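# A look at the structure
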Amino acid sequence: MEIRSVENKSECLPLLQNVPLPDTEENKTQVHKAISQTFLSTAQLANLLPTATVLAYQLLAPIFSNQGKCDSVSRLMTAGLVTICGLSCLLSNFTDSFRDKKGKVCYGLATINGLWFIDASATLPPELAAYYKLRFIDFMHAIMSALVFSALILFDQNTMNCFCPTPTAEKREIFTKLPVGIGMMCSMLFLVFPTTRHGIGFPLSTC
């Protein structure tokens, strides 16, 4: 009898969609809003690094560094990997993409005169070429991208064990706190000065 009464009571309960939901905006405190804004700005960091470069580094870093147990050869290879991936993150911010009338994506390099297409398969009219000109904000994004990549290196234990296997307490504190500071600073700057480019390795424009 008790089981049936519980089942009858559960059947009589109103559906969730009929229950008035609380207004979350009114219940949000300043701390909740600050945390939400921090998560939102931190999520923007994905646009500062080309996906292919980050994946290549995360895949090759444990192999080149011998999982942090480096000798002279593996340390040289790891340094080369860091240099190449860092330059890729830096230079990718000066690339952009353009969809032609057929929907084909054409990649190019931003110059002071417009967009120079790598494969020379497309041309832009002068009124559109001015939109893709090289600007000061591109150098700012390139610097932020390099800083975020350096923070990624500091978070990678294999790379850090390769170049600094026995850090002191002061260095360990720097390696722990510096990436967080870089991430917060770059996320805030990127939120204030967002990029409009869709270069090589970055999300493409839908139009």
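Above this note sits the structure.
Residues numbered from 1 in each chain as written. Predicted model: local features only at pLDDT ≥ 70, side-chain atom pairs only at ≥ 80, totals over all residues. Heavy atoms only, no water.

Moving on, we come to the environment of phenylalanine 64. In this fold, phenylalanine 64 is placed in helix H4 (residues 51-64). Classification of phenylalanine 64 by relative accessible area gives partly exposed; the value is 23%. On a C-alpha basis, the gap between phenylalanine 64 and asparagine 158 in space is 9.3 Å, while along the polypeptide they are 94 residues apart. Residues in contact with phenylalanine 64, not counting those within four places in the same chain, are Ser74, Met77, Thr78 and Leu81. (Helix = DSSP H or I, 4+ residues; strand = E, 2+ residues; numbered from the N terminus. Buried < 20%, exposed > 50% of the residue type's maximum accessible area, 1.4 Å probe, protein only. Contact = heavy atoms within 4.5 Å.)

Looking now at the side chain of threonine 53. Among the structural elements, threonine 53 can be located in helix H4. When residues no more than four places from it in sequence are discounted, the contact partners of threonine 53 are Cys85, Ser88 and Cys89.

The next thing to look at is the pairing of strand S1 (residues 95-99). Among the five residues in S1, four count as buried, and that is most of the element. One ladder, built from five bridges, connects S1 with strand S2 (residues 105-111); its direction is antiparallel. Considered in S2, the bridge of arginine 99 is made with valine 105. Count of turn residues in the S1/S2 antiparallel hairpin: five residues, of which glycine 103 carries a positive phi of about 90°. (Pairing = 2+ DSSP bridges.)

What follows concerns the pairing of S2. Sheet analysis places S2 next to strand S3 (residues 114-117), joined by four bridges and oriented antiparallel. Looking at S3, one finds that threonine 111 is bridged to glycine 114. Hairpin connection of S2 to S3: two residues between the antiparallel strands.

Turning to the sheet that holds S1, a few remarks are in order. A sheet is described by the order of its strands in space; here three strands give the open sequence S1-S2-S3, paired in antiparallel fashion. Each end of this open sheet is capped by a strand with a single partner; those strands are S1 and S3. For this sheet, the mean inter-axis angle between neighbouring strands, taken without regard to orientation, is 50°. (Axes fitted to C-alpha atoms, helices over the stretch in contact; angles between N-to-C directions.)

This part takes up helix H7 (residues 136-155). Think of an α-helix as 3.6 residues a turn; residues three or four steps apart then line up on the same face. Counted at 1.5 Å a residue, the expected span for H7 with its 20 residues is 28 Å, and the 29 Å between its end C-alpha atoms agrees. Each element contacted by the buried residues of H7 is listed here: H4, helix H5 (72-91), helix H8 (157-163) and helix H9 (169-192). (Expected span 1.5 Å × (residues − 1).)

Positive phi outside glycine occurs at asparagine 66, with the angle close to 55°. With relative accessibility at 45%, the residue asparagine 66 sits in the partly exposed group. One non-glycine residue, glutamine 67, lies in positive phi territory at about 55°. Mapped onto the elements of the fold, glutamine 67 is located in the loop between H4 and H5.

Note that all results are geometric; they support no functional claim without further evidence.
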